[in-house]
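As a plain string of letters, each chain reads:
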Amino acid sequence: MQYRLGFIGGGNMAEAIVRGVLDAEVLQASEILITDPSVDRREVFAALGVQVTEVSDDVAGDCQEIVLAVKPQMLNAVADVLAVITPAQKVISIMAGVSSEQIASLSGKALPIIRVMPNTPLLVGQGMRGIALGVNTQAGDEAFAMAIFNSAGEVVLVPEETLDAITAISGSGPAYLFYLAEAMEQAAEELGLGESASLLVSQTLSGAATLLHQSDDGPALL
């Protein structure tokens, strides 16, 4: 295989993963291949030195490990690509709610599938990911995926059946914090804090999160 890592889909999550991998020097840009139908998205990756293509089969045929970085509703659209991948390769899926069995079944082969549930703080190098070994895998197959995702935050290895719970906690969790921030900003503005509202809220929440992360005390005591 010419490339160590390939991506089917070059959206924001794929970009965040690639930037983390390059910054942490897990891989060199020359070891990564990206496919995306958008010229603009391909140009983003090309600017990072990453190889790009508009032909998905190039990624399927030339990469040792392949990240399915498309939205869950696009699963059937990648069926032809999955048909090109062989069981000697590994598939890493970041599609929420799509089981490893569904992906392998669609491919018609015993592809080893590793599932990852990332969250949006990955975009700033502070992600929280759950990684699960799916069908046709064995212990140790997760090592490369762990290295990739450790480059931009924290990672936990979990059974696949718990990934829906991971989605509810760390996957959706940031949105709840953003709702809280929105309400706090609105209250700050109503209290006359004006232009300072956004900074007051974002730094308060950021500082509190750092304190929680670094403290030996649990959230109730804090």
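Okay, so let's go over this structure. (Residues numbered from 1 in each chain as written. Predicted model: local features only at pLDDT ≥ 70, side-chain atom pairs only at ≥ 80, totals over all residues. Heavy atoms only, no water.)

1. With respect to unusual backbone geometry
So, step 1. The phi dihedral of Glu25 falls on the positive side, at around 60°, and the residue is not glycine.
So, step 2. In this structure, Glu25 sits in the loop between helix H1 (12-23) and strand E2 (32-35).
So, step 3. Judged by its relative accessible area of 64%, Glu25 is exposed. (Helix = DSSP H or I, 4+ residues; strand = E, 2+ residues; numbered from the N terminus. Buried < 20%, exposed > 50% of the residue type's maximum accessible area, 1.4 Å probe, protein only.)

2. Observations concerning the pairing of E2
So, step 1. In E2, alternate side chains face the same way, and those of Ile32 and Ile34 on one face and Leu33 and Thr35 on the other are all buried.
So, step 2. Here strand E1 (residues 3-8) pairs with E2 via 4 bridges, running parallel. Among the inter-strand pairings, Ile8 is bridged to a residue of E2, identified as Thr35.
So, step 3. The parallel pair E1 and E2, bridged by H1, forms a crossover whose chirality is right-handed.
So, step 4. Direction of pairing for E2 relative to strand E3 (residues 51-53): parallel, over a ladder of 3 bridges. (Pairing = 2+ DSSP bridges. Right-handed = clockwise from strand over helix to strand, strands pointing away.)

3. Structural notes on the packing of H1 against helix H2 (residues 39-47)
Each pair of packed helices can be summarised by the angle the axes make with each other and by the distance between the axes.
So, step 1. One way to put it is that H1 packs onto H2 with a least axis distance of 11 Å and a crossing angle of 5°. Viewed along their axes, H1 and H2 adopt a mutual orientation that is roughly parallel. Contact with H1, carried on its side by Asn12, Ala14, Glu15 and Val18, involves Arg41, Val44 and Phe45 of H2 and no other residues of that element.
So, step 2. Across the contact of H1 with H2, the residue classes tally to 4 nonpolar, 1 polar and 2 charged. (Axes fitted to C-alpha atoms, helices over the stretch in contact; angles between N-to-C directions. Parallel < 35°, antiparallel > 145°, perpendicular 65-115°, else oblique. Contact = heavy atoms within 4.5 Å. Nonpolar A, V, L, I, M, F, W, Y, C, P; charged D, E, K, R; others polar.)

4. Description of the sheet that holds strand E7 (residues 127-133)
So, step 1. With mixed pairing, the 8 strands of this open sheet are ordered in space as E3-E2-E1-E4-E5-E6-E7-E8. This sheet does not close on itself; its edge strands, each paired only once, are E3 and strand E8 (153-157). The mean angle between the axes of side-by-side strands here comes to 25°, regardless of whether they run parallel or antiparallel.
So, step 2. Here H1 sits on the sheet in contact with E1 and E2, set at roughly 170° to E2.

5. Some words on the packing of aromatic side chains
So, step 1. On inspection of all chains with the given rule, the structure shows 0 aromatic pairs.
So, step 2. Sitting over the face of the ring of Phe144, Arg4 holds its NZ or CZ atom 3.8 Å from the ring centroid. (Phe/Tyr/Trp six-rings, centres within 6.5 Å; stacked < 30°, edge-to-face > 60°. Lys NZ or Arg CZ within 6 Å of the ring centre and 35° of its normal.)

6. Regarding the pairing of strand E6 (residues 113-117)
So, step 1. In terms of residue burial, E6 counts as a mostly covered element, since 5 of its 5 residues are buried.
So, step 2. What you see with E6 is no split at all: Ile113, Arg115 and Met117 on one side and Ile114 and Val116 on the other are buried throughout.
So, step 3. Examined bridge by bridge, strand E5 (residues 90-93) and E6 share 3 bridges and lie parallel to one another. Paired with Val91 across the bridge in E6 is Ile113.
So, step 4. In this region the chain leaves E5, passes through helix H5 (residues 100-107) and returns to the parallel neighbour E6; the handedness of that crossover is right-handed.
So, step 5. One ladder, built from 4 bridges, connects E6 with E7; its direction is antiparallel. From the neighbouring strand, Met117 faces E7, where its bridge partner is Gly130.

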